[in-house]
Amino acid sequence: KDYARFLDSMDEMCGLYASLGYNYAGHVFDVECNVIPKDSGGVQAILSAQGAVDIYYTLDGTEPSVESSKYVGPIDIISDCTLVANTFRSGVQTYPTVKRFTHHKALGCEVSLLTQPKERYAGGAPTSLTDGVRGGENFNSAEWSGWQGDPIEVVVDLMGQQEYSSVVLSTI
């Protein structure tokens, strides 16, 4: 009944499970990465993890170590990069979280949906359309949005006059 207390005990319990050779679901220790638009354009990555633990990250695609940048607040995404983040817990196997960002003129720009995605595939719409992250293998994640039956109609506010020669939309 006290889920927060349960989560707080996970580090110790999983360390015990590992010493006994038990398998356990380690995904509860994964770093969460949420991408939010900035008021001035662009996006920020917000990292969080279960428990009171330090998060380390890199922006060049390499696996972080305790010598890497320590997360202290939102990370401005200002160019193409691969953010890799992890925690290091005693006795607990953790796996890195990876987000690949592509910088473009519409990065973080406001999007107005003129047609709504299917409820089942709403994902992170509308912000996921301009957050610079390409959807991964899990189409139920916030990285994907889906329209079915009706054509997609959106307006992207480029915050002033910007020249562009093409518009690219990735679909499956």
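Everything below is about the structure printed above this text.
Presented here is a report on the structure given in the accompanying data block. Source: prediction; values computed, not measured. One numbering rule holds for all chains: residues counted from 1, following each sequence as written. Only residues with pLDDT of at least 70 get local features here, since the model is predicted, and only at 80 or more are side-chain atom pairs given and counted; chain-wide, interface and lining totals rely on the full set of residues. The side-chain figures draw on all heavy atoms in the structure; neither hydrogens nor water molecules are used.

## Overview of the overall build of the protein chain
Turning to step 1, where the next piece is worked out: Helix numbering and strand numbering both begin at the N terminus, where a helix is a DSSP run of H or I of at least 4 residues and a strand a DSSP run of E of at least 2. A count of helical and extended segments in the protein chain gives two helices and nine strands.
Turning to step 2, where the next piece is worked out: Walking the protein chain from its N terminus toward its C terminus, one meets helices and strands in the order α-α-β-β-β-β-β-β-β-β-β.
Turning to step 3, where the next piece is worked out: Projected onto the principal axes, the alpha-carbon positions of the protein chain cover approximately 60 × 35 × 25 Å.
Turning to step 4, where the next piece is worked out: Contacts in the protein chain between residues far apart in sequence, at least 24 positions, make up 54% of those at least 6 positions apart.
Turning to step 5, where the next piece is worked out: Using a 1.4 Å probe, accessible areas were evaluated by the Shrake-Rupley method; residue-level cover was limited to the displayed protein chains. By element, 49% of the accessible surface of the protein chain is carried by carbon and sulfur atoms, the whole surface being about 11,500 Å².
Turning to step 6, where the next piece is worked out: Asp and Glu are treated as the negative residues and Lys and Arg as the positive ones, with His and the ends of the chain left uncounted. By convention, the charge on Lys lies at NZ, on Arg at CZ, on Asp at CG and on Glu at CD. Side-chain charges of the protein chain comprise 11 positive and 22 negative groups, with the mean position of each set lying 4 Å from the other. Residue contacts are counted whenever heavy atoms from the two residues lie within 4.5 Å of one another.

## Considering the sheet that holds strand 4 (residues 69–70)
Turning to step 1, where the next piece is worked out: With respect to topology, four strands assemble into an open sheet ordered 4-3-6-7, the strand pairing being antiparallel. Both edges of this open sheet fall to strand 4 and strand 7 (97–101), since each of them pairs with a single strand only.
Turning to step 2, where the next piece is worked out: At least two DSSP bridges between two strands are needed for those strands to be called paired. Across two bridges, the pairing between strand 3 (residues 55–58) and strand 4 is antiparallel. Within strand 4, the position partnered with Tyr 57 by the bridge is Ser 69.

## Remarks on the packing of aromatic side chains
Turning to step 1, where the next piece is worked out: Stacked, edge-to-face and tilted labels apply to pairs of Phe, Tyr and Trp rings (six-membered ring for Trp) whose centres lie within 6.5 Å, assigned for plane angles under 30 degrees, over 60, and everything in between, in that order. A complete count under the given rule lists two aromatic pairs for this structure.
Turning to step 2, where the next piece is worked out: With centroids separated by 6.0 Å and ring planes inclined at 45°, the aromatic side chains of Tyr 17 and Tyr 22 adopt a geometry described as tilted.
Turning to step 3, where the next piece is worked out: The class of Tyr 22 is partly exposed, set by a relative accessible area of 46%.
Turning to step 4, where the next piece is worked out: Their ring planes at 50° and their centres at 6.0 Å tell us that Tyr 56 and Phe 88 sit as a pair that is tilted. Placement of Tyr 56 in strand 3 and of Phe 88 in the loop between strand 6 (81–87) and strand 7 is noted, with a sequence separation of 32 residues between them.
Turning to step 5, where the next piece is worked out: For every residue, the accessible area obtained with a 1.4 Å probe (protein chains only) is divided by the maximum for its type, and the residue is called buried under 20%, exposed over 50%, and partly exposed between those limits. Overall, Phe 88 belongs to the partly exposed group, its relative accessible area being 37%.

## Focus on a nonpolar patch on the surface
Turning to step 1, where the next piece is worked out: A contiguous nonpolar surface patch, about 360 Å² in accessible area, is contributed by Leu 129, Ile 152, Val 154, Val 156 and Leu 169.
Turning to step 2, where the next piece is worked out: Counting through the fold element by element, Leu 129 comes out in the loop between strand 8 (110–113) and strand 9 (154–157). Only residues whose relative accessible area exceeds 30% and that form no salt bridge are eligible for patches; like-charged ones are grouped when within 9 Å, while nonpolar side chains (Val, Leu, Ile, Met, Phe, Trp, Tyr) are grouped when within 5 Å. Think of a salt bridge as a Lys or Arg side-chain nitrogen and an Asp or Glu carboxyl oxygen that are within 4 Å of each other.

## Looking at the environment of Ser 65
Turning to step 1, where the next piece is worked out: Relative to the assigned elements, Ser 65 resides in the loop between strand 3 and strand 4.
Turning to step 2, where the next piece is worked out: Note on Ser 65: relative accessible area 31%, which makes it partly exposed.
Turning to step 3, where the next piece is worked out: C-alpha of Ser 65 to C-alpha of Glu 119: the two residues are 54 residues apart in sequence and 40 Å apart in space.
Turning to step 4, where the next piece is worked out: Residues contacting Ser 65, with those up to four places away along its chain left out, are Tyr 56 and Phe 88.

## Let's talk about unusual backbone geometry
Turning to step 1, where the next piece is worked out: The linkage connecting Ala 125 with the following residue, Pro 126, adopts the cis geometry, with an omega of 5°.
Turning to step 2, where the next piece is worked out: Here Pro 126 lies in the loop between strand 8 and strand 9.
Turning to step 3, where the next piece is worked out: Notably, Met 159 is not glycine yet its phi reads approximately 55°, a positive angle.
Turning to step 4, where the next piece is worked out: You can see Met 159 is positioned in the segment after strand 9.

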